[in-house]
Number of protein chains: 2
Amino acid sequence: MKADLFGKVLQEMRKERHLSQEKLAELCELDRTYISLLERGLRQPTLATLFKLAAALEINPSELVVRVEQKSD
Amino acid sequence: MKADLFGKVLQEMRKERHLSQEKLAELCELDRTYISLLERGLRQPTLATLFKLAAALEINPSELVVRVEQKSD
DNA sequence: GTGTGACTTAAAGTCCGTC
DNA sequence: CGACGGACTTTAAGTCACA
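Conventions used here
- Residues numbered from 1 in each chain as written.
- Chains lettered and ligands numbered in written order.
- Predicted model: local features only at pLDDT ≥ 70, side-chain atom pairs only at ≥ 80, totals over all residues.
- Heavy atoms only, no water.
- Near = heavy atom within 4 Å.
- Polar contact = N/O pair within 3.5 Å; in protein donor to acceptor, adjacent residues only side chain to side chain.
- Helix = DSSP H or I, 4+ residues; strand = E, 2+ residues; numbered from the N terminus.
- Contact = heavy atoms within 4.5 Å.
- Buried area = accessible area lost by both parts, 1.4 Å probe.
- Salt bridge = Lys/Arg side-chain N within 4 Å of Asp/Glu carboxyl O.
- Nonpolar A, V, L, I, M, F, W, Y, C, P; charged D, E, K, R; others polar.

### Points about the protein's contact with DNA strand D
1) Next: The immediate surroundings of DNA strand D are formed by 20 residues, with T33(A), Y34(A), T49(A), R14(B) and Q21(B) found nearest.
2) Next: Here the atoms of DNA strand D within 4 Å of the protein split so that 63% fall in sugar or phosphate, with bases taking the remainder.
3) Next: Contact distances for DNA strand D include 3.1 Å between a phosphate oxygen and a backbone N or O atom of T46(A).
4) Next: In the model, a phosphate oxygen of DNA strand D is placed 2.6 Å from a nitrogen or oxygen of the T49(A) side chain.
5) Next: Looking at the surface near DNA strand D, the elements with two or more residues in it are helix 3 (32–39) and helix 4 (47–56) of chain A together with helix 2 (21–28) and helix 3 (32–39) of chain B.

### Examining the interface of chain B and chain A
1) Next: Tallying the contact residues gives 15 residues for chain B and 16 residues for chain A.
2) Next: Interface of chain B and chain A: buried area, both sides summed, is about 1,300 Å²; carbon and sulfur atoms make up 79% of it.
3) Next: Viewed at the interface, chain A and chain B are joined by zero salt bridges.
4) Next: Counting the contacts that link chain B with chain A gives four residue pairs in polar contact (both at pLDDT 80 or more).

### Considerations on the protein's contact with DNA strand C
1) Next: What surrounds DNA strand C is a group of 20 residues, the closest being Q21(A), R32(A), D31(B), Y34(B) and T49(B).
2) Next: In DNA strand C, the atoms that sit within 4 Å of the protein are 55% sugar and phosphate, with bases accounting for the remainder.
3) Next: At 3.3 Å, a side-chain N or O of E22(A) approaches a phosphate oxygen of DNA strand C.
4) Next: One nitrogen or oxygen atom from the side chain of T46(B) is found 2.9 Å from a phosphate oxygen belonging to DNA strand C.
5) Next: Those elements that place two or more of their residues in the surface near DNA strand C are helix 2 (21–28) and helix 3 of chain A together with helix 3 of chain B.
6) Next: When grouped by side-chain class, the residues that make up the surface near DNA strand C number three nonpolar, eight polar and nine charged.

By themselves, these observations are geometric and do not establish any function.
In structure tokens, the structure reads:
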């Protein structure tokens, strides 16, 4: 599992929903720049952060993980 | 999402496979005491750790998360 | 609207051990 | 075999000024 896979998935999901990093950050109550760090693969989320992000994206946390798995192939 | 849900799922999955904490730790190259901390809900895994654990349990990472989601209900 | 570096604090994760 | 503790190192969490 490459370190930046999650970030790419996150960015894709965010853009599919036409959200800015700023707006997403607001929705999940995280810092804008932290979203940026995640998308660039400079941070790996904890499970708790994954759940927050999934909630903001209105998706099941497991669905987010599925997308990461698919990218692993 | 309660803090100890993941730990319970992890312990269930481990026991289903008749693995000791020590053996699981060896399989995923994590510390023996850390598995214990996870199962007791005193630590939350990062995404990378989730993938390691899932690999050792021979399950998809997303399946692990699904189990956590189910417990949330 | 985002990238980036620097930073502090909290938590992840290790290693030693005892019971 | 697992709970638990202490001391430790590494990394995530969370924020900031600035480009």
